[in-house]
Amino acid sequence: MRPSVLAVGATARLAEAGVPSPRNDAEVLLAHVLGVDRGRLILADVTEEQSAAYDALVARRAAREPLQHILGRAPFGPLDLHVGPGVFVPRPETELLAVWAARQVGRGAAIVDLCAGSGALGLYLAATVRGARVALVERDPQALEYLRENASGTGATVLDRDVTAPGLDAEIEAALGSTVDLVVCNPPYVPDGAPLDVEAALDPAAALFSGADGLDLIRALAPLCARLLRAGGAVVIEHDDSNGAGTAELLSRAGFGQVEQHRDLAGRPRYVTGRMDA
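Residues numbered from 1 in each chain as written. Predicted model: local features only at pLDDT ≥ 70, side-chain atom pairs only at ≥ 80, totals over all residues. Heavy atoms only, no water.

- The name given to the protein in an unreviewed UniProt entry is Release factor glutamine methyltransferase, with Tsukamurella strandjordii as the source organism.
- A UniProt comment under Function (unreviewed entry) is attached to the protein, and it reads "Methylates the class 1 translation termination release factors RF1/PrfA and RF2/PrfB on the glutamine residue of the universally conserved GGQ motif." (UniProt positions renumbered as here; feature names shortened; annotations may be inferred.)

Written as C-alpha cells, this is what we have:
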C-alpha cells in the first residue's frame, strides 16, 4: 500500500478523534514507522508489518495519547529531547523564551535552568551559546531520569534539588564556579482547577499546577533569581496567560529592573523578562 493512502486514512481517523493537527501527526507517525524523513514519504514502500504497526500507533494517537509520548521524543529548536510519561512535554511556544535568552549572553556565560524538567531551555542554551556553563535544577525523580539522559554528553550539570530548598543559590554558584549571568525557568504555573486539553492533562500535575492563582512557585523563584544573578544578569520566566502582570510585579518586587511582558506568536501573554539592576 502506498504511504499516501495510509496517511489520508489516518488523517481522517485522527480528525474524527479531535486531534488538533491530524495530518501532521499522521505523517509524522508514518515516517517514524518507516524510518524515513517525513519529506521522503512519497518515495517509500510499506510492508504489511509496517502497516499493522502504523495502525497501532494511530489508534494510540486517536485515544489522545500525546504524540511525543508515542515517539518517545520531542523536538525543541536544535534538540531532540527524550520525553514520556512523568515529564512535562516542551511546547513550541517555549522556544520563544529560549531564543530571547540566547540573545542576552555571550561566550562562556553561566546559566541556570530552574524547574528544568526535560532540560529543554537549559540544553537549548548549552547547544547555542558557545562555551556556556549550564546548571539544570529539578527535583522530581521521574523527570530527573529524562533530564539526565538528555543532558548526557552536553557538559551541563544536573542538580537534584527543590528550587525552594535553603542554600540552593550557593550550590548553584559552586557548580558553575561563578555568579550567574542568566536564569531561565518554565515553572508550574497553572491555577489549581483550571481546565486543560486532553494531552496537557497527561503532563505531571506537579509540573503544571501552582496554587489558586498559579503564582505560588513564582513567588519563591523571584527572590531566588535575584540572589543568583550578578549585576546586569537577566531572567526569563514563562507564566500562565492570565499572569503576565502578576509575574512582572513579583520580579519588580524582587529588585529587577527593565521588567517586560512578552506575547507568543498567537498573541497570548507568555513570558516575563527582567534584568538585575547594578
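## Some thoughts on the overall build of the protein
(1) Moving on: Across its full length, the protein carries ten helices and nine strands.
(2) Moving on: The C-alpha radius of gyration of the protein comes to 20 Å, within 12% of the 19 Å expected for a compact globule of 278 residues.
(3) Moving on: Overall, the C-alpha framework of the protein stretches about 65 × 40 × 30 Å when taken along its three principal axes.
(4) Moving on: Here the protein holds 278 residues, and the buried ones make up 50% of them.
(5) Moving on: Surface summary for the protein: the accessible area is close to 12600 Å², and the carbon and sulfur share equals 51%.
(6) Moving on: In the protein, 25 positive and 36 negative side-chain charges are present, and the distance between their average locations comes to 5 Å. (Helix = DSSP H or I, 4+ residues; strand = E, 2+ residues; numbered from the N terminus. Rg over C-alpha atoms; globule rule 2.2 N^0.38 Å. Buried < 20%, exposed > 50% of the residue type's maximum accessible area, 1.4 Å probe, protein only. Areas by Shrake-Rupley, 256 points an atom, 1.4 Å probe, with all protein chains shown as cover. Lys, Arg positive; Asp, Glu negative; His and termini not counted. Charge placed at Lys NZ, Arg CZ, Asp CG, Glu CD.)

## Some details on the environment of proline 22
(1) Moving on: You can see proline 22 is positioned in helix H2 (residues 22-34).
(2) Moving on: In this structure, the C-alpha to C-alpha distance between proline 22 and valine 112, residues 90 residues apart in sequence, is 36 Å.
(3) Moving on: Other than its neighbours up to four places away in sequence, proline 22 contacts Thr11, Leu14 and Ala15. (Contact = heavy atoms within 4.5 Å.)

## Some remarks on the packing of aromatic side chains
(1) Moving on: Considering all chains together, one arrives at one aromatic pair under this definition.
(2) Moving on: Relative to tyrosine 124, the ring of phenylalanine 76 lies with its centre 6.0 Å away and its plane at 80 degrees, an arrangement referred to as edge-to-face. Residue phenylalanine 76 is located in strand S1 (residues 73-76), and its partner tyrosine 124 is located in helix H6 (residues 120-128); the two are separated by 48 residues in the primary sequence. (Phe/Tyr/Trp six-rings, centres within 6.5 Å; stacked < 30°, edge-to-face > 60°.)

## Focus: the pattern of salt bridges
Pairing between side chains becomes possible if they bear opposite charge and their charged atoms approach one another.
(1) Moving on: Overall, the coordinates contain 21 salt bridges when judged by the stated rule.
(2) Moving on: For aspartate 181, the salt bridge is made with arginine 230, and the minimal N-O distance between the two is 2.4 Å. You can see aspartate 181 sitting in strand S6 (residues 180-185) and its partner arginine 230 sitting in strand S7 (residues 229-238), a full 49 residues away along the chain.
(3) Moving on: Residue aspartate 181 is classed as buried on the basis of its relative accessible area of 16%.
(4) Moving on: Notably, a salt bridge pairs arginine 219 with aspartate 216, separated by 3.0 Å at the nearest N-O pair. Of this pair, arginine 219 and aspartate 216 both sit in helix H9 (residues 216-228), separated by three residues, roughly a single helical turn.
(5) Moving on: In this structure aspartate 216 comes out as partly exposed when scored by relative accessible area, which is 44%.
(6) Moving on: Connected through shared salt-bridge partners, Glu93, Glu238, Asp264, Arg268 and Arg270 make up one network. (Salt bridge = Lys/Arg side-chain N within 4 Å of Asp/Glu carboxyl O.)

## Things to note about the nonpolar core
(1) Moving on: Membership of the largest hydrophobic core comes to 36 residues, with the highest contact counts inside it found for Leu114, Val163 and Ile172.
(2) Moving on: Looking at this core, the elements with two or more residues in it are strand S3 (110-114), strand S4 (133-138), helix H8 (168-176), S6, H9, S7, helix H10 (244-253) and strand S9 (269-276).
(3) Moving on: In terms of residues, this core owes the most to one element, H9, which gives eight residues.
(4) Moving on: Those residues in contact with leucine 114 that lie beyond four places of it in its chain are Val137, Val163, Ile172, Val183, Val184, Cys185, Asn186, Leu221, Leu224 and Cys225.
(5) Moving on: Trp100, Val129, Leu136 and Leu144 belong to the second largest nonpolar core, which has 34 residues in total. (Core = buried A, V, L, I, M, F, W, Y, C linked by side-chain atoms within 4.5 Å.)

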